[in-house]
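# Understanding the architecture of this molecule
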Amino acid sequence: MAFHDLTPNKTAPANAKSLLGLGPKFICKPKFTTGSILTGYDRLEVDFHRRVFFAGDSESQNDSTSDDAPPPPESKLYIRSKWRPDLCDIPDWVPARLKRLLEQLASDPKHLYPLADKGLGPCAVLYEQYVKDCLVHLLNETVYERLSLEEALQATTSLKAKIQEWLDDYEHIIGPKVKEYIEHHMSVNSSSPFGQFYIMYKIHKGIGKDGLWPTRPVCSDVTSIPHALGKWVTEMLLPMAKVQPSYFKDSFVLKSLLDNLILPPNARLFTADAVSMYTNIKTKEALTEIGNFIMENRDEFPHLDPDAVREALHLVFENNIFALGDTYWRQISGTAMGTPPAPAWATIFYALHEKEMVPRWSSNIMFYKRFIDDVIGIWLTDPDPIKDQELWNAFCEDMDSWHDMKWDCNKPTTSVDFMDLTVTIENDRIVTTLFEKDLN
């Protein structure tokens, strides 16, 4: 069971692990079925078609807040809780012990249970600490600006009008079905038009020297005005991302690529991790670089209209407006993790640098692949250790030379853990085994 009590004095309920450790997608299995399911077939078919057509429909949000919440102190930012929706009806077949525990956790005013990063399970944190950890990101004025409710509503209203104008201008390109899909989502999301900000705890990194756990900021935009347009942008960007030389789909593809390699004696494996990749992708520069790439390669991607895509990119990536509790924010730089096209956008953006960088190092780089913000490669060492270190340092500097993006480069070695694989050099071949993090 993966559950992590991150409270200072380990104050999470003692039995919380028995439930939350099962994972956020765990579903109890009833002892008995509910009888014939034939009568539900028609309903299932209707629901399935509706879900496919309107994929990504937001779940209903409970926006109620307590009227007796204390007023915000003049010198501090106060965030009133909106993270406690009503507990849904618990089926009768759920064991009484689990029912009581669910009710206890839902009514606990002191603790929250966010997820850890990298799929490492739920955590327990104090409510006050969670808010402070969120503000570590949001109070960075180079990335976010705070809005009043009126400013946020005005911005989303203006954005909705701009998207509608885009739909009218490019209906002949995108087709009536896509237009209907985007208009439907804008209509559904208009009553609560903001994305939702949250954080995931990077427990695999360990607690920092400042005594705080590092966190990853995420903005779920499923309830936002540009969400459906972002889905369309994703469909346009994906074919461009997949043809980049460094791209690979998943660890299965990576394994097949590695299995075919025959290595020289001086081959070593290396990995690199981008430092806060999404946040550090500067929006203005990325719009320019990717926009130019689209125009220069328009003949290679006949599935898209360059003008429509470039305008849509501006609408999506310049208008991330979201809420945290009863505070409202706009992201003014960087890319929000949780925006549908963000992975393809990030893949393409850094690939524009890799196309020139990797060939420059052909004498040292035998193999190079990247999965969004994680790089794996094979470095051919120089016989002179001093020269080899100089070359490696220069390569790492080259990786950092693209629009202020930074990478943590791990020194070449004979075995690395990458994604869900342990990759090892044995003689002149590569051997892979499954890797599971200790914290799982």
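Structural data are supplied above this passage.
### What to know about the overall build of the protein chain
Each helix and strand in the protein chain was counted, giving 13 helices and 15 strands. Taken across its 440 residues, the protein chain has 43% of its residues classed as buried. Relative to all contacts within the protein chain whose residues are 6 or more apart in sequence, the contacts with residues 24 or more apart total 72%. About 23,900 Å² of surface is accessible on the protein chain, with carbon and sulfur atoms providing 53% of the total.

### Here's the deal with the nonpolar core
Grouped together as the largest cluster of nonpolar side chains are 60 residues, with contacts concentrated most on Trp 166, Ile 182, Trp 232, Leu 313 and Phe 395. Take this core: its biggest share by element is nine residues, from helix 12 (residues 342-360). Non-local contacts of Trp 232, meaning those with residues more than four positions away in its chain, are made with Trp 166, Ile 174, Val 178, Ile 182, Ala 308, Val 309 and Ala 312. Listed in part, the 23 residues of the second largest apolar core include Val 131, Leu 135, Val 143 and Ile 199.

### Here we look at empty space enclosed by the protein
Using the criterion set out here, one finds two cavities of 30 Å³ or more in the structure. When its volume is computed, the largest cavity comes out at roughly 70 Å³. Taken together, Gly 195, Asp 221, Ser 224, Pro 226, Val 316, Asn 319, Asn 320, Ile 321 and Thr 339 make up the full set of residues lining the largest cavity.

### A short note on the sheet that holds strand 14 (residues 421-426)
Strands sit in the order 13-14-15 across an open sheet of three strands; the sheet is antiparallel. Because the sheet does not close on itself, it has two edges, and the strands there are strand 13 (415-418) and strand 15 (429-434). When strand polarity is set aside, the average angle formed by the axes of neighbouring strands in this sheet is 25°. Here strand 14 runs beside strand 15; their pairing, made up of six bridges, is antiparallel. Note that in strand 15 the partner of Thr 424 across the bridge is Val 431.

### Considering the pairing of strand 5 (residues 195-201)
Moving residue by residue along a regular strand, the side chains alternate between the two faces of the sheet. Taking burial as the measure, the seven residues of strand 5 include five buried ones, the bulk of the element. Relative to strand 8 (residues 321-324), strand 5 runs parallel, the two being bridged by two bridges. Pairing of Gly 195 across the sheet is with Phe 322, part of strand 8. Where strand 5 and strand 6 (residues 215-220) come together, six bridges link them in antiparallel fashion. Paired with Met 200 across the bridge in strand 6 is Arg 216.

### Some points on the sheet that holds strand 11 (residues 374-380)
Reading across the sheet, the four strands line up as 10-11-7-12 and stay open at both edges, with antiparallel pairing between neighbours. Strand pairing shows two members of the sheet lacking a second neighbour, strand 10 (365-371) and strand 12 (407-413), which therefore form its edges. Across the sheet, the mean angle from the axis of one strand to that of its neighbour is 15°, orientation sign disregarded. One ladder, built from six bridges, connects strand 10 with strand 11; its direction is antiparallel. From the neighbouring strand, Arg 370 faces strand 11, where its bridge partner is Val 375. Strands strand 10 and strand 12 of the sheet are contacted by helix 12, whose axis makes an angle of about 170° with strand 10.

### Side note on the packing of helix 10 (residues 283-296) against helix 11 (residues 306-317)
Between helix 10 and helix 11, whose axes approach to 10 Å, the crossing angle comes to 165°. The pairing of helix 10 with helix 11 is recorded here as roughly antiparallel in orientation. Seen along the crossing, helix 10 lies across helix 11 with a hand that is right-handed. Each of Thr 283, Leu 287, Ile 290, Gly 291, Ile 294 and Met 295 in helix 10 lies in contact with helix 11, whose residues at this interface are Pro 306, Asp 307, Val 309, Arg 310, Leu 313, His 314 and Phe 317.

### Structural notes on the pattern of salt bridges
Proximity of charged atoms lets side chains of opposite charge pair with each other. All told, the structure shown has 10 salt bridges when counted by the stated rule. Asp 117 serves as the salt-bridge partner of Arg 216, at 2.9 Å between the closest nitrogen and oxygen. You can see Arg 216 sitting in strand 6 and its partner Asp 117 sitting in the loop between strand 2 (111-112) and strand 3 (123-126), a full 99 residues away along the chain. Take Arg 216: its relative accessible area is 17%, and that puts it in the buried class. Classification of Asp 117 as buried rests on a relative accessible area of 5%.

### A few points about the packing of aromatic side chains
Pairs of aromatic rings are described using the distance from one ring centre to the other and the angle between the two planes. Taken as a whole and judged by the stated rule, the model has 19 aromatic pairs. Both rings, one in Tyr 144 and one in Phe 197, keep their centres 6.3 Å apart while their planes meet at 85°; by these two values the pair is edge-to-face. Separated by 53 residues along the polypeptide, Tyr 144 in strand 4 (residues 144-147) and Phe 197 in strand 5 bring together distant segments of the chain. Accessibility assignment for this pair places Tyr 144 and Phe 197 in one class, buried. Between Phe 293 and Phe 301, the ring centres sit 6.2 Å apart and the planes meet at 55°, which makes this aromatic pair tilted. Assigned by exposure class, Phe 293 and Phe 301 land together as buried. Three or more aromatic residues joined by ring pairs make a cluster, and in this case those are Phe 270, Trp 361, Trp 379, Trp 392 and Phe 395.

What counts and what doesn't
Residues numbered from 1 in each chain as written. Predicted model: local features only at pLDDT ≥ 70, side-chain atom pairs only at ≥ 80, totals over all residues. Heavy atoms only, no water. Helix = DSSP H or I, 4+ residues; strand = E, 2+ residues; numbered from the N terminus. Buried < 20%, exposed > 50% of the residue type's maximum accessible area, 1.4 Å probe, protein only. Contact = heavy atoms within 4.5 Å. Areas by Shrake-Rupley, 256 points an atom, 1.4 Å probe, with all protein chains shown as cover. Core = buried A, V, L, I, M, F, W, Y, C linked by side-chain atoms within 4.5 Å. 1 Å grid on protein atoms, 1.4 Å probe; cavity = no way out; pocket = protein on both sides within 12 Å on 5 of 7 lines; lining within 4 Å. Points joined across faces, edges and corners; volume = space filled by probe spheres on them. Pairing = 2+ DSSP bridges. Axes fitted to C-alpha atoms, helices over the stretch in contact; angles between N-to-C directions. Parallel < 35°, antiparallel > 145°, perpendicular 65-115°, else oblique. Left-handed = near helix turned anticlockwise from the far one by under 90°. Salt bridge = Lys/Arg side-chain N within 4 Å of Asp/Glu carboxyl O. Phe/Tyr/Trp six-rings, centres within 6.5 Å; stacked < 30°, edge-to-face > 60°.

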